[in-house]
Amino acid sequence: MEPKKVVIIGAGISGLAACKFILSKGLIPIVLEARGAIGGVWNETLKSTVLQTPKEMFRFSDFSWPKSYIRLNFRVLSIEYEGFSNEEIEGWSHWGGSGDAFTEHSKWRINVVDSRPNVPLQEVVADFVVLCIGRFSDVPNIPIFPPNEGPEAFKAGKVLLSLEYSAMDSDTATKLIKDKQVTVVGFHKSAVDLAMECANTNGPDKPCTLLYRTKHWNPPDTRPWGIPFSFLYMNRFSELLIHKPGEGFLLYLLATLLSPIKVKLAKYGMVPEQSFLQDISSCIFAGLPDKFYDKVDEGSIILKKSPSFTFCEEGVIIEGESKPVRSDLVILATEYRGDLKLRDIFASSTFRDYTMFGDLAVPMYRHCFHPRIPQVAVIGFSESNSNLYTSEIRCRWLAEFVDGTFRLPSIKEMEKDMANWEKCLKLYSGPSYKRGCIAILHKCYNDQLCKDMGWNPRRKKGFFADLFLPYGPLDYASP
């Protein structure tokens, strides 16, 4: 029988891992990447960018993938399903009608163009599609301003998106910010990296203003008391303190009686109102660039908190302040709308409606499959403490599924499992639960994947090692 074709959209870390494991099962992967190089967002980083994840966690369990299956400069406009009607799909009791990866009478047609001249290319037909389009690129989350108080009011300088700045080469970017009064809006990873880059370039003579709305747990040291966070939040013992999806009464009672460890940051007036547990549960916790607060001390970075801001001719006006923050350049590092990117890739309005999550976090079984969208998997959309680590084991699990190692359960069972995860995400992540972060439940999640694949979820030798040592990619290098 002719091998099935699996189209993988995106050649970032998730797409490369998916290609590797799909290929290992004798299927034909076709990776479509809009950019001219593999690597996704890692192709466009700042000089000041450092990993916020320990290097032993941000790696593949091995490091080889084939490049001959990757088609660069192939931008996917939409994917269109051909097969069963919407009414037939609504009547299914199992995903895809059977719970299997492939269905003989349905395909996906991928509408692609050449990214450079934007010329239509021959469509690609696939038996299965893996969406590895990422959550933190392409579609920026731009604040909404009152009339005449947005970027158009800023006459003295320029407004730039963080993704536009990141796309510049280092020399061009340095020239842009050199001797400029720069205001960076945001307080997540890209914002603090941008502020650090401006501080390193200009020093206290032209300080960078970092304007943020909410304080987050971005500590200058990821080893409080000399103990790595991985020993506090990334082992099985730490998960005994957390309520888990579908837990029994004994585990529920244990998690209720024990209190989670919390780390406090008292300096610089940057202690958030929410707990450290809430931020790390939401994947909002971020490691700061080295000596970040030294730059604050020397006056190269000025921290300003405001619930909102508007533009004026000279720069930005912070709520509650009469004088504007005079600026030559304002960079918006206000995150991305990955939900819109995922929704808009579907040609079908019905499938687009399915991916409008509303008040739900990530309504996908195992954070990969929507119960009503056949022959499509989504990898790399929900977050964790190390997205590369999570994407690799998800792709391994996906490869076992398409190879027929296991079937998906009924749609009713899938929805019940999704509801259990939803409950836990809302319990610990607070208002940020929609990020779909599984950071503090990573072992629980991996255990589910291992059981599906027929692996022993206990990956370490010995009771105490399995309980107290941190889990990482190497623990899942082989069955």
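Looking at an unreviewed UniProt entry, one finds the chain named Flavin-containing monooxygenase and attributed to Citrullus colocynthis. Under Cofactor (unreviewed entry), UniProt gives the following word-for-word description of the chain: "FAD". Under Sequence similarities (unreviewed entry), UniProt gives the following word-for-word description of the chain: "Belongs to the FMO family."

Caption draft 1: Quick peek at the pairing of strand β1 (residues 5–9). Summarising burial for β1: 4 of the 5 residues are buried, a large majority. Taken together, the 5 bridges between β1 and strand β2 (residues 28–33) define a ladder with parallel strand orientation. Residue pairing across strands places V7 opposite I30, the latter belonging to β2. With helix α1 (residues 13–24) bridging β1 and its parallel neighbour β2, the resulting β-α-β unit is right-handed.

Caption draft 2: View of the nonpolar core. Ranked by size, the top nonpolar core spans 56 residues in total, and within it F128, F369 and F401 carry the most contacts. Per element, the largest residue contribution to this core is 8 residues, and it comes from helix α13 (residues 387–402). In contact with F369, not counting residues within four places along its chain, are W95, F128, M364, V376, A377, W397, L398, F401, L408 and M414. Listed in part, the 30 residues of the second largest apolar core include I30, F357, M364 and I411.

Caption draft 3: Layout of the packing of aromatic side chains. Counted according to the given criterion, the structure contains 27 aromatic pairs. The interplanar angle of 85° and the centroid separation of 6.5 Å between the aromatic rings of F128 and F369 together place this pair among those described as edge-to-face. Of this pair, F128 sits in strand β7 (residues 128–131) while F369 sits in the loop between α12 (349–354) and β16 (376–378), and the two are 241 residues apart along the sequence. Aromatic pair F346 and F351: ring centres 6.1 Å apart, planes at 80°, arrangement edge-to-face. For the pair formed by F346 and F351, the shared burial category is buried. Taken together, W95, F102, F128, F369, W397, F401 and F406 form an aromatic cluster joined through their ring pairs. Here R135 stacks its cationic end above the ring of F381, 4.5 Å away from the centre of that ring.

Caption draft 4: Structural detail: the environment of G315. Tracing the backbone shows G315 in strand β13 (residues 315–318). Since its relative accessible area comes to 0%, G315 is described here as buried. Leaving out residues up to four positions away in the same chain, G315 has contacts with F154, T310, V325 and S327.

Caption draft 5: Highlighting the state of the cysteines. Considering all chains together, one arrives at 1 disulfide under this definition. Between C19, a cysteine without a disulfide, and C395, which holds the nearest cysteine sulfur, the sulfur-to-sulfur distance is 9.9 Å. Free of any disulfide, C444 has its nearest neighbouring cysteine sulfur in C424, separated by 7.5 Å. With a relative accessible area of 11%, C444 lands in the buried category.

Caption draft 6: Broad picture of the sheet that holds β1. Overall, parallel pairing links the 5 strands, which are arranged β3-β2-β1-β7-β16 in an open sheet. Each having just a single partner strand, β3 (70–72) and β16 make up the two edges of the open sheet. Each strand axis lies, on average, 20° off the axis of its neighbour in the sheet, ignoring direction. Bridge analysis of β2 against β3 gives 3 bridges, and the strand direction is parallel. Across the sheet, the residue bridging to V31 is I70, located in β3.

Caption draft 7: Representation of the side chain of R236. Looking at the element boundaries, R236 is found in helix α7 (residues 236–239). Classification of R236 as buried rests on a relative accessible area of 7%. Among the polar contacts listed, one links the side chain of R236 to the backbone oxygen of P457, at a separation of 2.9 Å. A polar side-chain atom of R236 sits 3.4 Å from a polar atom in the side chain of Y471. Beyond its immediate stretch of four places on either side in the chain, R236 contacts K443, D447, P457, R458, D466, L467 and Y471.

Reading the values: the criteria
Residues numbered from 1 in each chain as written. Predicted model: local features only at pLDDT ≥ 70, side-chain atom pairs only at ≥ 80, totals over all residues. Heavy atoms only, no water. UniProt positions renumbered as here; feature names shortened; annotations may be inferred. Buried < 20%, exposed > 50% of the residue type's maximum accessible area, 1.4 Å probe, protein only. Helix = DSSP H or I, 4+ residues; strand = E, 2+ residues; numbered from the N terminus. Pairing = 2+ DSSP bridges. Right-handed = clockwise from strand over helix to strand, strands pointing away. Core = buried A, V, L, I, M, F, W, Y, C linked by side-chain atoms within 4.5 Å. Contact = heavy atoms within 4.5 Å. Phe/Tyr/Trp six-rings, centres within 6.5 Å; stacked < 30°, edge-to-face > 60°. Lys NZ or Arg CZ within 6 Å of the ring centre and 35° of its normal. Disulfide = S-S within 2.5 Å. Axes fitted to C-alpha atoms, helices over the stretch in contact; angles between N-to-C directions. Polar contact = N/O pair within 3.5 Å; in protein donor to acceptor, adjacent residues only side chain to side chain.

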